[in-house]
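Here are the chains, one letter per residue:
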Amino acid sequence: MSSGGADRADPRTGPGRGHTAATLFEAAVAAAGPGRYAMDPGMSAAWPGARLAGPAFTVQGAGGDNLALQHAILEAPAGSVLVADVNGAPWGHWGEVLAVADIAGLVIDGGVRDTVEMGQLGFPVFSSHVNVRGTRKLFRGALGVPVQVGEVTVHPGDLVVGDADGVVVLPRKIAERVVRTADGRLAKEADIMRRLHAGETTLDIYGLREAGRG
């Protein structure tokens with residue numbers, strides 16, 4: 001563990017190159033075709049402003065038990081994102097004490113607690129629940145296996161990006177291609193914003209004046 005995450009990678013300069021979850025989702029569809037890249041909307045930031053980006057280190061745990069997460073902290077490479085399946089259980093599987101881990105953050109299909117304290121530490125968490133109830137410590141779980149989180153199958157090494165809009169998962173084999181596509185989209189969006197500020201409308205820019213007319 002680190003002291004308060006001082007060495008945590010900045011998601012604005014990490015493997016997602018600062019792209020938002022929304023931009024990467026659109027880039028994934030453009031670069032690789034339709035797919036299940038976005039987690040369920042119920043997977044949301046545990047505190048305002050939380051952002052993360054990094055390769056997934058996967059954890060298969062059990063609802064109401066956080067022993068697997070404690071083992072995962074010791075095995076996960078620095079800069080990785082723990083992606084944990086605890087079956088959506090509404091217990092506080094993660095809190096302030098575990099948030100000093102030297103990892104990029106946590107995405108968990110289950111509950112967490114101590115959200116204010118984790119925000120003060122700057123430790124980003126995305127979860128399906130927030131709950132004060134503590135957990136037992138009996139099930140060691142499995143690490144580095146495919147998991148189902150937020151209705152998305154996540155494999156070790158997949159790129160995980162989370163922000164206020166949600167969580168996106170990019171399979172490792174397409175992640176770099178998607179990020180390059182996002183680079184191009186960002187340049188196009190900058191030009192669109194310039195044109196809007198110059199007085200053009202979205203109907204003109206996107207050629208939508210005749211859209212919807214039968």
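This write-up is about the structure you can find in this document. Here the structure is a predicted model, which is why all the values come from computation and not from measurement. (Residues numbered from 1 in each chain as written. Predicted model: local features only at pLDDT ≥ 70, side-chain atom pairs only at ≥ 80, totals over all residues. Heavy atoms only, no water.)

## Quick look at the packing of aromatic side chains
Phase 1: All told, the structure shown has two aromatic pairs when counted by the stated rule.
Phase 2: Seen in terms of ring centroids, W94 and F123 are 5.6 Å apart; in terms of plane orientation they differ by 20 degrees. Their pairing is stacked. Of the two residues, W94 sits in the loop between strand 3 (81-85) and strand 4 (105-112) while F123 sits in the loop between helix 3 (115-121) and strand 5 (125-130), which places them 29 residues apart along the sequence. Across the pair, exposure class does not vary: W94 and F123 are buried alike.
Phase 3: The ring of W91 carries R133 above its face, with NZ or CZ at 4.5 Å from the centroid. (Phe/Tyr/Trp six-rings, centres within 6.5 Å; stacked < 30°, edge-to-face > 60°. Helix = DSSP H or I, 4+ residues; strand = E, 2+ residues; numbered from the N terminus. Buried < 20%, exposed > 50% of the residue type's maximum accessible area, 1.4 Å probe, protein only. Lys NZ or Arg CZ within 6 Å of the ring centre and 35° of its normal.)

## Some details on the nonpolar core
Phase 1: If you look at the biggest cluster of nonpolar residues, it comprises 40 residues, and the most contacted ones within it are M39, L82, V83, W94, L106, V107 and V160.
Phase 2: Going through the elements one at a time, strand 2 (52-60), helix 2 (67-75), strand 3, strand 4, strand 5, strand 7 (147-149), strand 8 (152-154) and strand 10 (166-170) are the ones with two or more residues in this core.
Phase 3: Ignoring any residue separated from it by four or fewer positions in sequence, one finds V107 in contact with M39, M43, L52, V81, L82, V83, A84, F126, V149, V160 and V167.
Phase 4: A53, L159, I174 and A175 belong to the second largest nonpolar core, which has 15 residues in total. (Core = buried A, V, L, I, M, F, W, Y, C linked by side-chain atoms within 4.5 Å. Contact = heavy atoms within 4.5 Å.)

## Structural notes on the pairing of strand 2
Phase 1: Among the nine residues of strand 2, seven are classified as buried, and the element is accordingly described as predominantly covered.
Phase 2: Alignment of strand 2 against strand 9 (residues 159-163), held across four bridges, turns out to be antiparallel. Residue pairing for strand 9: A53 is matched across the bridge by V161.
Phase 3: With five bridges connecting them, strand 2 and strand 3 associate as parallel partners. In the strand pairing of strand 3, A56 is matched with V81.
Phase 4: Each parallel crossover has a hand, and the one from strand 2 via helix 2 to strand 3 is right-handed.
Phase 5: Bridge analysis of strand 2 against strand 6 (residues 142-143) gives two bridges, and the strand direction is antiparallel. Across the sheet, the residue bridging to V59 is L143, located in strand 6. (Pairing = 2+ DSSP bridges. Right-handed = clockwise from strand over helix to strand, strands pointing away.)

## A closer look at the side chain of D158
Phase 1: Position of D158 relative to the elements: it lies in the loop between strand 8 and strand 9.
Phase 2: As a buried residue without a salt bridge, D158 has its nearest oppositely charged side chain in R172, at a separation of 5.5 Å.
Phase 3: Beyond its immediate chain neighbours, meaning those up to four positions away, D158 contacts G54, P55, A56, T153, V169, L170, P171 and R172. (Lys, Arg positive; Asp, Glu negative; His and termini not counted. Salt bridge = Lys/Arg side-chain N within 4 Å of Asp/Glu carboxyl O.)

## Describing the packing of helix 1 (residues 21-32) against helix 4 (residues 172-197)
Phase 1: The contact between helix 1 and helix 4 brings their axes to 8 Å, and the two run at 115 degrees. In terms of orientation, helix 1 and helix 4 fall into the roughly perpendicular class. Here helix 1 and helix 4 pass one another in a crossing that is right-handed. Residues T23, L24, E26, A27, A28, A30, A31 and A32 of helix 1 touch helix 4, and the partners they reach there are I174, R177, V178, V179, T181, A182, R185 and E189.
Phase 2: A class-by-class count of the residues in the contact of helix 1 with helix 4 yields ten nonpolar, two polar and four charged. (Axes fitted to C-alpha atoms, helices over the stretch in contact; angles between N-to-C directions. Parallel < 35°, antiparallel > 145°, perpendicular 65-115°, else oblique. Left-handed = near helix turned anticlockwise from the far one by under 90°. Nonpolar A, V, L, I, M, F, W, Y, C, P; charged D, E, K, R; others polar.)

## Some remarks on a nonpolar patch on the surface
Phase 1: There is a patch of nonpolar side chains on the surface, built from L203, Y206 and L208 and spanning about 280 Å² of accessible area.
Phase 2: Considering the arrangement of structural elements, one finds Y206 in the segment after helix 5 (202-205). (Patch = residues over 30% accessible without salt bridge, like charges linked within 9 Å, V, L, I, M, F, W, Y side chains within 5 Å. Areas by Shrake-Rupley, 256 points an atom, 1.4 Å probe, with all protein chains shown as cover.)

Nothing here speaks to function; it is all geometry.
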